[in-house]
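Spelled out from the first residue to the last, the chains are:
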2 protein chains.
Amino acid sequence: MSTIVSLETDDVRFPTSLSLDGSDAMNPDPDYSAAYVRLRTDAGDGLAGHGFVFTIGRGNDVQVAAIRSLAPYVVARDTEALLADLGGFWRELVHDSQLRWLGPEKGVMHMAVGAVVNALWDLKAKRAGLPLWQLLARMSPAEIVDLVDFRYLSDALTRDEALKILEEARAGRADRETELIRTGYPAYTTTPGWLGYDDDKLARLCREAVGSGFAQIKLKVGGDRDDDVRRLRIAREAVGPDVRIAVDANQRWDVAEAIDWIAALAPFDVAWVEEPTSPDDVLAHAAIARAIAPIPVATGEHMANRVMAKQFLQARALGVLQIDATRVSGINENLAMLLLAAKFGVRVCPHAGGVGLCELVQHLSMFDYVAVTGTTNDRMIEYVDHLHEHFVTPVTIRDGHYVTPVAPGAGAEMLAVSIDRYRFTGNA
Amino acid sequence: MSTIVSLETDDVRFPTSLSLDGSDAMNPDPDYSAAYVRLRTDAGDGLAGHGFVFTIGRGNDVQVAAIRSLAPYVVARDTEALLADLGGFWRELVHDSQLRWLGPEKGVMHMAVGAVVNALWDLKAKRAGLPLWQLLARMSPAEIVDLVDFRYLSDALTRDEALKILEEARAGRADRETELIRTGYPAYTTTPGWLGYDDDKLARLCREAVGSGFAQIKLKVGGDRDDDVRRLRIAREAVGPDVRIAVDANQRWDVAEAIDWIAALAPFDVAWVEEPTSPDDVLAHAAIARAIAPIPVATGEHMANRVMAKQFLQARALGVLQIDATRVSGINENLAMLLLAAKFGVRVCPHAGGVGLCELVQHLSMFDYVAVTGTTNDRMIEYVDHLHEHFVTPVTIRDGHYVTPVAPGAGAEMLAVSIDRYRFTGNA
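Analysis parameters
Here the residue numbers are simple positions, counted from 1 along each chain's written sequence. Ligands are numbered from 1 and chains lettered from A, in the order in which they are written. Selection of residues for local features in this predicted model requires a pLDDT of at least 70, selection of side-chain atom pairs for listing and counting requires 80 or more, and totals for whole chains, interfaces and linings are taken over all residues. Only heavy atoms go into the side-chain values, all of them from the structure, while hydrogens and water stay out. UniProt positions are given in the numbering used here, feature names are shortened, and annotations may be inferred rather than shown by experiment. Put simply, DSSP H or I for four residues or longer makes a helix, DSSP E for two residues or longer makes a strand, and each gets a number counted from the N terminus. Just to be clear, the radius of gyration here is over C-alpha atoms, and the globule rule we use is 2.2 Å times residues to the power 0.38. Under the scheme applied here, a residue whose accessible area is under 20% of the maximum for its type counts as buried, over 50% as exposed, and between as partly exposed, the area being computed with a 1.4 Å probe on protein chains only. Should any heavy atoms of two residues lie within 4.5 Å, those residues are considered in contact. Reported accessibility uses the Shrake-Rupley method at a 1.4 Å probe radius. Residues are deemed covered only where the shown protein chains occlude them. The charge count includes Lys and Arg as positive and Asp and Glu as negative, but it does not include His or the ends of the chains. Where a charge sits is defined by one atom per residue type, namely NZ (Lys), CZ (Arg), CG (Asp) or CD (Glu). Paired strands, as defined in this entry, are two strands with at least two bridges between them according to DSSP. Only the stretch in contact is used when a helix axis is fitted, and all axes are lines through C-alpha atoms; the angle between N-to-C directions ranges over 0 to 180 degrees. In plain words, nonpolar cores are sets of buried Ala, Val, Leu, Ile, Met, Phe, Trp, Tyr and Cys residues tied together by side-chain atoms within 4.5 Å. By convention, the term buried area covers the 1.4 Å-probe accessible surface removed from two parts as they join, with the contributions of both added. The salt bridge criterion pairs a side-chain nitrogen of Lys or Arg with a carboxyl oxygen of Asp or Glu, the two atoms within 4 Å. Counting of polar contacts relies on pairs of N or O atoms within 3.5 Å, with two restrictions inside protein: one atom must be capable of donating a hydrogen and the other of accepting it, and residues adjacent in sequence are counted only when both atoms are side-chain atoms. Annotation comment: domain bounds sourced from an automatic or database domain assignment. Note on residue classes: Ala, Val, Leu, Ile, Met, Phe, Trp, Tyr, Cys and Pro are nonpolar, Asp, Glu, Lys and Arg are charged, and everything else, Gly too, is polar.

- Per an unreviewed UniProt entry, chain A goes by the name L-fuconate dehydratase and belongs to Phytohabitans rumicis.
- Quoted verbatim from the Cofactor (unreviewed entry) field of the UniProt record, the comment on chain A reads "Mg(2+)".
- In its Catalytic activity (unreviewed entry) section, the UniProt record describing chain A reads: "L-fuconate = 2-dehydro-3-deoxy-L-fuconate + H2O".

Right, dumping it as structure tokens:
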């Protein structure tokens, strides 16, 4: 028996804007940052739970303050009791009526809850000696659905329907674990496509991506239409006809503009169009999806919660759901989104990149493969080759696949030296 | 010429949970709070701009931190230049790419921007020697549309369409100003209906509301169905057949439950059903609205931004739009919502209560009457008789109407003695 003795936070910011890594039409100069949290116990086993919210710079201090405000909800509590009922803990925080007012269930406070929940998942997986994907994939269907809050979902997915999906995938779990460890999980790369890169660098990085075994790359678009057409032509020439090219507009367009602009890009065989407009706009995405079919709409990295995911699926407003590891309220809410996607037969291709998002989100796709959908067909996890060196268990890519992690934990733990070196000390 | 010399914040919390004022099915024990901001200049005129975000207790410190993080965007800037282009200032903050990541355009950071924007509006109105409603209502249509960001709105409302709405309402502005000052603006009251009140108090407060000239009251529902039926019967008997009774479920239900529950309440002649489910759920509200017609759905106090308002209107998911003064990003975004509602022919009945929300939001309805829709038909502003004594220019109610304010400013300024007395000093 042990107690959570501290919730520690750090404001960590990497000066990525200096190299234009991560530059897109909405985010010209991001400084990839983490509002970082560490939960320590008095168990004497040396294990701590690590979590974070990814941000892109200014405001990271506010995100840290939100996480710190949750200390009274975890410090001095019984570790084993918390870890045994993470569904209950999630409900306790997300439905805290006073905190809820600050969203509800969206934005800074919702993401803060997610970071704390994920730190507990990290601790739970470390204690179990398993990578998070495997811990989740070995839970019973009943245990898994207990983690999910079905409030506001019942018109699309009930607890019983979710249970049925998980029960049907139960056969073959062990075989898929073995297969996953053998082959890894398919990846695609956004490394070539940042808007700030010149044409030569774009072409070179495209060729390198193909050489590294990636079957799909992604280009940022939405800044200037002529530039987009030129860059897409360069990319298509560099990768050849068989590698898929997705494009990402990062919310730049209104409906009519999106449809027009995409028509100009369609001749280059576009794999999907990502974030064409506001991430809140279910109806606009549905209108765009109808207009650009058969090119699918992809979105999700800025989807505030499971209620938004439900509506995008109900309205057929997306063809690819891009869950994000730190946008919603942690693993629990992402499980809800995986189950919703499975119900609607829509593929999940997680958003990643930033700092640490690859490390975290791979566990969700791998769990999905083993215990929910049983397939990786047309599924891929985004990959960007930035900042992995700051993690204790960085992702590894081999032949265009994520190498399946076997180290215990959720992947969130950052090196202490990196935190010390990149701790933000400027004025907030 | 002057400069903004400081952005000061206060964490102000009133212990309202002790009396169960404000208790409803989702918020059993709110402590009405303000994350308060004050902008001072070196103009030497003694005028400061005041604004705040309303919260219900825990987390108010996080909201304060978010407001404080915006100091670099206003301090040391030219006051007159800022006040001359509040549309530009709004875009600068809301579209700041790094801050935007924390929403986008929702939750703690979005509301923080709103508080700072509103403090500038307060200062602008004080400098003009006009109440905010009158300052706005005397601006030209072109000046008004320049305040609005039409990004993501153009599939429902263009700048030209908004301009046309305002131009058409230009005739008669002066007459309506006079009429408004003479008669005030219709109000309805939620004072009788909090869930924590017993039946005798409910009946007494209902009779008092009728005696005070209110034509509509509102009851909180959604805790227990039998209790709701009993309380609605008591209220209907107390007010008689001619006073309207609205009900408010504060997001308690899923779709099927909402439709069932409302069927049990319908025999008591329900004026509207407020917040039946998640404020993010356009499609669920649309399904409920179709099922309970002709009883209208009302919602909006937790609507994150203008993009959500647009969709609720497009989907006919509400019949009454309840804008809130501090949920979205300030006056500018509320102007967008008023114009959207006018385009769709949907009435706006603002959410108020809490602390200071009546003082703020009345200006928006009054502006709407004079310069947008030209009517108060079926429109009302919510009124709750709590905590007005803490404001420099508290609202006054006469014969069921808000008395039109004539004091300069936006109504946000709290008494210094109240701030000092209720400044939160506990652990956050």
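Focus: the overall build of chain A
Right, on to step 1. Helix and strand content of chain A: 18 helices and 13 strands.
Right, on to step 2. For a compact globule of 428 residues, the expected C-alpha radius of gyration is about 22 Å, and chain A comes in at 20 Å, within 12% of that figure.
Right, on to step 3. Overall, the C-alpha framework of chain A stretches about 60 × 50 × 45 Å when taken along its three principal axes.
Right, on to step 4. A total of 428 residues make up chain A; the buried ones form 67% of that total.
Right, on to step 5. Here the analysis covers contacts within chain A between residues at least 6 apart in sequence; of these, 76% occur between residues at least 24 apart.
Right, on to step 6. Of the roughly 13500 Å² of accessible surface on chain A, 50% is carried by carbon and sulfur atoms.
Right, on to step 7. Of the side chains in chain A, 43 bear a positive and 59 a negative charge, and the two mean positions are spaced by 2 Å.

A few points about the sheet that holds strand β3 (residues 48–55) of chain B
Residues and elements named next belong to chain B.
Right, on to step 1. Taken in spatial order, the three strands of this open sheet run β1-β2-β3, and their pairing is antiparallel. Unpaired on one side and paired on the other, β1 (4–13) and β3 mark the two borders of the sheet. The average undirected angle you get between the axes of adjacent strands in this sheet is 15 degrees.
Right, on to step 2. Across eight bridges, the pairing between strand β2 (residues 33–41) and β3 is antiparallel. Of the residues in β3, the one forming a bridge with valine 37 is glycine 51.
Right, on to step 3. Against the sheet, helix α1 (residues 60–68) makes contact with β1, β2 and β3, and its axis sits at roughly 175 degrees relative to β1, the strand it touches most.

Concerning the nonpolar core
Burial of nonpolar side chains together is a common tendency in soluble globular proteins.
Right, on to step 1. Counting 302 residues, the largest nonpolar core has Trp121(A), Tyr402(A), Trp121(B) and Tyr402(B) as the members making the most contacts within it.
Right, on to step 2. Beyond its immediate chain neighbours, meaning those up to four positions away, Trp121(A) contacts Leu86(A), Leu132(A), Leu135(A), Leu136(A), Met139(A), Leu147(A), Ile331(A) and Asn332(A).

Side note on the interface of chain A and chain B
Right, on to step 1. Contacts between chain A and chain B engage 65 residues on the former and 65 residues on the latter.
Right, on to step 2. Between chain A and chain B the total buried area reaches about 5300 Å² when both faces are included, carbon and sulfur atoms providing 54% of it.
Right, on to step 3. At the surface where chain A touches chain B, the tally comes to six salt bridges.
Right, on to step 4. In this structure, Asp96(B) and Arg58(A) form a salt bridge, with 3.1 Å as the shortest nitrogen-oxygen distance.
Right, on to step 5. Here chain A is connected to chain B by 36 residue pairs in polar contact (both at pLDDT 80 or more).

Let's talk about the domain arrangement of chain A
All names here are of chain A.
Right, on to step 1. Assigned domains of chain A: these are domain 1 (4–129) and domain 2 (173–417).
Right, on to step 2. Between the C-alpha centres of domain 1 and domain 2 there is a distance of 23 Å.
Right, on to step 3. Approximately 3200 Å² of surface area, both sides summed, lies buried where domain 1 meets domain 2, with 62% of it carried by carbon and sulfur atoms.
Right, on to step 4. Looking only at domain 1, the three residues that lose the most surface to domain 2 are Phe14, Ala25 and Phe52, adding up to 19% of its buried area.
Right, on to step 5. If you look at where domain 1 meets domain 2, you find three salt bridges.
Right, on to step 6. The closest approach of N and O atoms between lysine 220 and aspartate 24, which form a salt bridge, is 4.0 Å.
Right, on to step 7. Those elements that place two or more of their residues in the side of domain 1 that touches domain 2 are β2 (33–41), β3 (48–55), α4 (86–94) and α6 (107–128).
Right, on to step 8. Among the elements that take part in the side of domain 1 that touches domain 2, α6 stands out by supplying 10 residues, more than any other.
Right, on to step 9. Broken down by class, the residue content of the side of domain 1 that touches domain 2 amounts to 20 nonpolar, 13 polar and six charged.

Some points on the pattern of salt bridges
All names here are of chain B.
Right, on to step 1. Within this structure, the stated rule accounts for 69 salt bridges over all chains.
Right, on to step 2. Of the charged contacts, one joins arginine 38 and glutamate 8 as a salt bridge, the two residues approaching to 2.6 Å between their closest N and O atoms. With arginine 38 in strand β2 and glutamate 8 in strand β1, this residue pair connects regions lying 30 residues apart in the sequence.
Right, on to step 3. Of the residues examined, arginine 38 reaches a relative accessible area of 10% and is grouped as buried.
Right, on to step 4. Classification of glutamate 8 as partly exposed rests on a relative accessible area of 24%.
Right, on to step 5. Among the salt bridges present, the one from aspartate 228 reaches arginine 231, with a minimum N-O distance of 3.9 Å. You can see aspartate 228 and its partner arginine 231 sitting in helix α12 (residues 225–239), three residues apart, about one turn around the helix.

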